[in-house]
Amino acid sequence: MKRILDKKQLSADVFRMKIEAPLIAEERKAGQFLIIQVDQNYGERIPLTIANADAEEGFIEIIFQAVGATTQKLSRMNAGDYIENVLGPLGKPTHIEKRDGPVVCVGGGIGVAPMHPIVEAHHKIGNKVITIMGARNKELLIMEDEMRALSDELIICTDDGSYGRKDLVTVPLKELCESENIPSEVFAIGPPIMMKFCSETTRPFAVPTMVSLNTIMVDGTGMCGGCRVSIGNETKFVCVDGPEFDGHLVDFDNMMLRQKAYKQHEAHRCNLDIE
Ligand code: FES
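Read on for a plain summary of the structure. Quick caveat, the model's predicted, so the values are computed rather than measured.

A word on the sheet that holds strand E10 (residues 153-158). Spatially, E10-E9-E8-E11-E12-E15 is the arrangement adopted by the six strands of the open sheet, whose pairing is mixed. Lying at the two open borders of the sheet, with one neighbouring strand each, are E10 and strand E15 (244-246). Averaged over all pairs of adjacent strands, the angle between strand axes in this sheet comes to 20 degrees, irrespective of strand direction.

And the structure:
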């Protein structure tokens, strides 16, 4: 069992939670995720990416959106409560290497949370990092101060123009690809549609582009088959073979179609209305 040390509500349904987990904090690397089982009575296991960790203090942090039955239950827990199981770190770590040109990290919505350790890792080895953060509006932006501290340049986009540029994240990404400062590598994490269009933006420029498909995982064990994706016409399992893949090879349309299949089941569990 793991003790919750702190909980903060970042927006209407997004929460940041600090969990005591010294071994995970020591071992985790950028790109890796956890499997969380909130309690014994309701045994669903959900994958969540590690947003931050402190090996000296012995804690990890997760940022999650309360959109499903388990994340809603987790959001009702508080400092001092215990989470039944926190398993990790799992998944292949992000490949980080010294680059000559800038590394561009694009985080959309809550995708900024799993992007944080990647930005941190590139910053640590001395890569020039340009971070692009996008959200529907100012209230939904997360981790701005932390990302600003780790980035050589931070570009913020909101859909409604309430903060930063009124643009989709693909607009500044394209500008960077067209500039003399062409990215040496791009990472994109966010809604599948955003990752798809980031990959399409960089494709004509042949800029290597990695995406994290963590949102399609179900139990994260390699057994349920729910995270099957087509990568360059080969079937891969996100939880075992990923979660990061070459964005230019991902069949996003197929992935988005399959994600819709879970919507009704999840809504049934949560008693939510879906379109
Ligand atoms: Fe179940 Fe990957 S999440 S097999």
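So, about the sheet that holds strand E5 (residues 59-65). In space, the seven strands of this open sheet follow the order E6-E1-E2-E5-E4-E3-E7, with antiparallel pairing throughout. Every other strand in the sheet has two partners, leaving strand E6 (82-83) and strand E7 (85-90) as the edge strands with one partner each. Bridge analysis of strand E3 (residues 33-37) against strand E4 (residues 45-54) gives five bridges, and the strand direction is antiparallel. Across the sheet, residue Ile-36 finds its bridge partner in E4, namely Ile-46. Contacts from helix H3 (residues 112-124) reach E4 and E5 within the one sheet, and its direction differs from that of E4 by about 40 degrees.

Let us look at the environment of Met-143. Turning to its location among the elements, Met-143 is positioned in the loop between strand E9 (129-135) and helix H4 (144-150). A count of 24 C-beta atoms within 10 Å places Met-143 in the buried class. For the pair Met-143 and Ala-121, spaced 22 residues apart in the sequence, the C-alpha separation amounts to 16 Å. Those residues in contact with Met-143, other than ones at most four positions away along the chain, are Val-112, Ala-113 and His-116.

Running from amino to carboxyl end, helix H5 (residues 170-178) crosses helix H6 (residues 192-202) at an angle of 20 degrees, the nearest separation of the two axes being 9 Å. By the criterion of interaxial angle, the relationship of H5 to H6 is roughly parallel. Considering how the two elements wind past one another, H5 and H6 form a crossing that is right-handed. Seen from H5, the contacting residues are Thr-170, Leu-173, Lys-174 and Cys-177; seen from H6, they are Phe-197, Cys-198, Thr-201 and Thr-202. Class assignment of the residues belonging to the contact of H5 with H6 gives a composition of four nonpolar, three polar and one charged.

What counts, and at which threshold
Residues numbered from 1 in each chain as written. Predicted model: local features only at pLDDT ≥ 70, side-chain atom pairs only at ≥ 80, totals over all residues. Pairing = 2+ DSSP bridges. Helix = DSSP H or I, 4+ residues; strand = E, 2+ residues; numbered from the N terminus. Axes fitted to C-alpha atoms, helices over the stretch in contact; angles between N-to-C directions. Contact = placed C-beta atoms within 7 Å. Buried ≥ 20, exposed ≤ 12 C-beta atoms within 10 Å, placed from the backbone. Parallel < 35°, antiparallel > 145°, perpendicular 65-115°, else oblique. Left-handed = near helix turned anticlockwise from the far one by under 90°. Nonpolar A, V, L, I, M, F, W, Y, C, P; charged D, E, K, R; others polar.

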